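Here is what each chain is made of, one letter per residue.
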Amino acid sequence: MGCGSSLNIRRILKTRPPLPSDLSPEVRDLISRLLVKDPRQWLGRGPRDALEIKDHVFFKDSPFFQKYELNLRDNILGDGSFSVCRECVQKSSGQQHFPVEIVSRRLDCQQEINLLWACQGHSNIVNNLHEVFHDEAHTYIVMQLLGGGELAASEDQETREVHRGSPRASVVVRNLVSAVHYVHRKSISVHGDLKPDRGEKGWC
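Residues numbered from 1 in each chain as written. Predicted model: local features only at pLDDT ≥ 70, side-chain atom pairs only at ≥ 80, totals over all residues. Heavy atoms only, no water.

**Topic: the overall build of the chain**
What counts, and what does not: Numbering goes from the N terminus for both helices and strands, where a helix is a DSSP run of H or I of at least four residues and a strand is a run of E of at least two. Note on areas: Shrake-Rupley, 1.4 Å probe, and residue coverage restricted to the protein chains presented here.
If you tally the helices and strands in the chain, you get eight helices and six strands. Surface accessibility of the chain: about 13,400 Å² in total, with carbon and sulfur atoms responsible for 53%.

**Remarks on the pattern of salt bridges**
The criterion, for reference: Only one rule defines a salt bridge in this text: a Lys or Arg side-chain nitrogen within 4 Å of an Asp or Glu carboxyl oxygen.
What the rule picks out here adds up to one salt bridge. For Lys67, the salt bridge is made with Glu131, and the minimal N-O distance between the two is 3.0 Å. One end of the pair, Lys67, is in helix α5 (residues 63-67); the other, Glu131, is in strand β5 (residues 129-134), with 64 residues separating them in the sequence.

**Some remarks on the layout of surface pockets**
The gaps left among the atoms become clear once a water-sized probe is rolled over them. Basically, it comes down to this: Put simply, the grid is 1 Å and covers the protein atoms alone, a cavity is a trapped set of points that fit a 1.4 Å probe, a pocket is an open set with protein on both sides within 12 Å along at least five of seven lines, and lining residues have an atom within 4 Å of a point. Grid points are joined across faces, edges and corners, and a volume is the space filled by probe spheres set on the points. The classification used treats Ala, Val, Leu, Ile, Met, Phe, Trp, Tyr, Cys and Pro as nonpolar, Asp, Glu, Lys and Arg as charged, and all other residues, Gly among them, as polar.
Of the voids in this model, the second largest pocket is the one considered here, and its volume is about 480 Å³. Contributing to the lining of the second largest pocket are 22 residues, with Leu30, Phe58, Phe59, Phe65 and His138 lying nearest its centre. Elements represented by at least two residues in the lining of the second largest pocket include exactly α2 (25-34), α3 (51-54), α4 (57-61), β3 (83-90), β4 (97-104) and β6 (138-143). For the lining of the second largest pocket, the element with the highest residue contribution is α2, accounting for four residues. Tallied by class, the residues present in the lining of the second largest pocket amount to 17 nonpolar, three polar and two charged.

So this is what it looks like as C-alpha cells:
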C-alpha cells in the first residue's frame, strides 16, 4: 500500500463526511449514524439488527413506511443506477405483498409514473401501478405483484403450444396487438422489442 493510499485512509477515518446543507435534521442524523467510523457503533449493528434502522424517526415520518413494511430478508427483485425494487407488505393486513420500486429523488421519475397511470384500463394490460409515495429521499412506486413468471420461461403445456404456433399463439399475438394499439391511441410510444420474455403468463 503506497503513502497516498495510507494518507487517504487516515483522512477518511478522521474526517466527518460532508452532507448537503438542504437535508432535514432527520435525514442528516440517519446518514451520520450509518457512517460512524467504528462499525460496532453503526445503526443496525445492535441486538435489534435492522429494526434499529426501521425505527429511526426518518422512517416514522415517511408516508410510505407508515403504510408498508419492507421485506429486507429476501433478495432484491431488481435494481438500477438510481433505484432498487423490493417486496413490501401492507401493514394493515400483514398479508398483501407488493413490489415497490424505490427511486432516488435525484431522478425525476414523474414521466414513468404518468405513463403507468395512463396505461391502465385495458383488459390485456396489467393494472400494475397501485399507489405512489414521496418523501425527502425517495419516490416509492408500489405495484401489483405478478407471480406467473415470464411467458417464455413457463414450462406448462399452454406455453409450449404457443411456441409451436398453435391456435393459442394467435390469441397471445391478438391480445398483444390490442394492448399496443390501446397505448398508441393515447399517444404513448412503446419499445420495439416485443416478445414473450416481456410478458407475464397471466396477461392474455
